[in-house]
Structures are given as structure tokens and as C-alpha cells.
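Examination of the molecular architecture
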Amino acid sequence: MNTSTTTMNPAAALVQAQGVSLHYGKKAALRDVSFTIPKGRVVGLLGHNGAGKTTLMKALVGLLAVEGELQVMGVSPRQDRAQLLTQLSYIPDVAVLPRWARVSELITLMAQLQPKFSAERARELLRRTSVGLDDKVKSLSKGMVAQTHLALIAAIDARLMILDEPTLGLDVLSRKNFYEMLIDEWCDGERSVLISTHQVEEVEALLSDVIMLDEGKVVLSISLEDIDQRFVALNHDAAVADAMAAAHPLLRYRDQGRTTSLFDGAPPESLTGLGQRVRPSLVDLFVALTRNPALNNKTSASA
Ligand SMILES: Nc1ncnc2c1ncn2[C@@H]1O[C@H](COP(=O)(O)OP(=O)(O)OP(=O)(O)O)[C@@H](O)[C@H]1O
């Protein structure tokens, strides 16, 4: 028997999903989902409420069984969960730590539970924050709890980190501190991180890749670099709006008093001289690709 499917291959993609589906009873939460996460990437998982982000993350860490092909670091998350967890850190809720514990006690506990945890590294990471080792969790603010949690998890020598809405409920400064620590201290060009979030604008600068889910389907899985190649946004006067509309843009939106038409692929050559090419933001793409078509007519630019 070939055992290569249960061996972690360091050169392979960290996540490979091919035709993955998942149902809760009759409800399809993931539909034919396919994507790859190579090493060294910071991947944003975007989708409206109920799109399937948490479900996908749970499937990736082996908490839910799926149909289709799913490999995380070369193994099946469901069948080889124990092996997987030596290489993967998953935080379903960074805002939660045992309230009774002191930070130093959590470090001791982690060192006992997790062979790849470095207590020294955790203390070093905490020095970046205003959290003291003697502080009790119940005395920390939400932002401080999130940073403590991240310091504990980032001190595990894993290859993939999965964070489900890590900055939910944190203020803007705490969110900034959280992401700074994640990028500076954990991402090293080899490890990857998958982050689900609704704060699309805020994470855009951090991400190398994005996966957009809509009603359980992947509507876009792309690197930020490739977005610039594939999508063309033309900022133009109202006078040429009809010509743009005739070429069926994905979305039209107002931008600094003018209209921008967003195309998937190059629009007809006759249009390119009629507008100025601008970079579509992740938010624009997200809106264009994921919003309910029924809303499309009401909210798109009317020019
Ligand atoms: N345990 C469950 N039993 C039945 N249906 C579920 C269960 N968990 C999730 N669902 C449904 O599956 C779909 C996807 O839910 P999921 O929680 O994965 O979405 P999400 O993108 O994480 O949403 P949010 O942004 O609101 O957290 C939703 O329609 C949800 O109602």
C-alpha cells in the first residue's frame, strides 16, 4: 500500500481542496470548493454572514467531515487529525482564554500540552505588548487577551495558522497591533496563515491571496498580484456610461465624483481610451462578486 498520502511533504502546498462539499442535513454549506494554499502566504477568507467561512475552517482542521478531496499538509484532516495538529494552529476565538489563569500559568500549561511550544518565544512575543506575565486574564482588555492568545499560538512551531475572525470586537488600534504581531512575528515566508474576516479594507494590505466565498461556493481564489492582471477598472465620465454598460461590467460604482466600471478581463479595446485605468480595491471586487444579484440593481451606480 502506498503510504505517501499520510506523509507530510514539506514541499507540497499546505492546503489542497478539490471539489469539497459539506452539508448540514439538507443544507449545503460548502459547494464544490477548490483552492490551494502554498507555503509562505497570508490568505484572507472573505464572505458574507453564512457564506461558509467557519464551516470551511472547521473542515480544514478535521472537525467536520467533507465530500471531495481535502488535504492539509499532505494528510486528510479528518483521518490524520493528531498528526495534523502537530503542524497546525487553529484559533476559533482569540478573545477567549481561561479567566482565572495568570499569563505565566498559561505559558506553563502550553509547554506541558504542546511539544512544539517555546515558552521563551511566548515571553519574547509578550514583551511586544503591554501584557505582564503576572497579569490575570480577567484583568486584561479584549485586545490584550487577543494579543496574549496570539503570542501563545505564535510560539508553537507550526506551518499553518487558521484564525476565524480574530479581530472581532477589537478596536482599531488593537486590530492593528494584532495584525502587526502576526505578520512580523509569525509569518516567515515558509508558514502560511488563513484569516477569515469581514474587515476587508483593513486586511487588504496584509494579504498575499484572497479566497471569496458566496453561499458556500468559491467565487474567487487569487493572489493580490493576479487581481491586477485579471481585473480592469476604468474610471470614466457619465457621458460614456452607456458604452461601458454595453460591455457588461461586473460592477459600476461611484469614485470621486466619477463612475468606475469594473471588468473581469480586458474590456473591448474601443473602451480603454474612454476611461482611466484604476486599481480595483478588494472591497469593490468583493461587492461585485458576492453580493446578492437582487441588490445589484439597487446599489450600483446609476450613471
Ligand atoms: N451546526 C450547524 N447546523 C446547521 N447549519 C449550520 C451549522 N453551522 C452553520 N450552519 C449553516 O451553514 C452555513 C454556513 O455557516 P458558517 O458559520 O460556516 O458561515 P460563516 O461564513 O462563518 O458566517 P459568519 O460570517 O456569520 O460567521 C449557514 O447557512 C449556517 O446557517
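This text gives an overview of the structure that appears in the document.

Criteria and cut-off values
By convention here, each chain's residues receive numbers from 1 onward along its written sequence. Given that the model is predicted, a residue must reach a pLDDT of at least 70 before its local features are reported, and side-chain atom pairs must reach 80 or more before they are shown or counted; all residues, however, enter totals for whole chains, interfaces and linings. In this entry, near means the residue's backbone-placed C-beta atom lies within 6 Å of the molecule or strand. Counting from the N terminus, the helices are the DSSP runs of H or I reaching at least four residues and the strands are the DSSP runs of E reaching at least two. Classification used: nonpolar for Ala, Val, Leu, Ile, Met, Phe, Trp, Tyr, Cys and Pro, charged for Asp, Glu, Lys and Arg, polar for all others including Gly. Paired strands are those between which DSSP finds at least two bridges. Lines fitted to C-alpha atoms define the axes here, with helix axes fitted over just the stretch in contact, and angles between the N-to-C directions of these axes take values from 0 to 180 degrees.

Glancing now at the site of the ligand. Surveying the vicinity of the ligand reveals the residues Tyr24, Lys27, Ala29, Gly47, Asn49, Gly50, Ala51, Gly52, Lys53, Thr54 and Thr55. Breaking the shell around the ligand down by element, the ones donating at least two residues are β2 (27–37) and α1 (53–60). Examining the composition of the shell around the ligand, we find that three residues originate from one element, α1, more than from any other. Residues belonging to the shell around the ligand are distributed by class as follows: three nonpolar, six polar and two charged.

Across the sheet, which stays open at both edges, the three strands sit in the order β2-β1-β4 with antiparallel pairing between neighbours. Unpaired on one side and paired on the other, β2 and β4 (67–72) mark the two borders of the sheet. Sheet twist, expressed as the average angle between the axes of neighbouring strands with direction ignored, equals 25 degrees. In this sheet, β4 lies alongside strand β1 (residues 15–24) in antiparallel orientation, the contact comprising five bridges. Note that in β4 the partner of Ala17 across the bridge is Leu70.

Any link to function would need more than the numbers given here.
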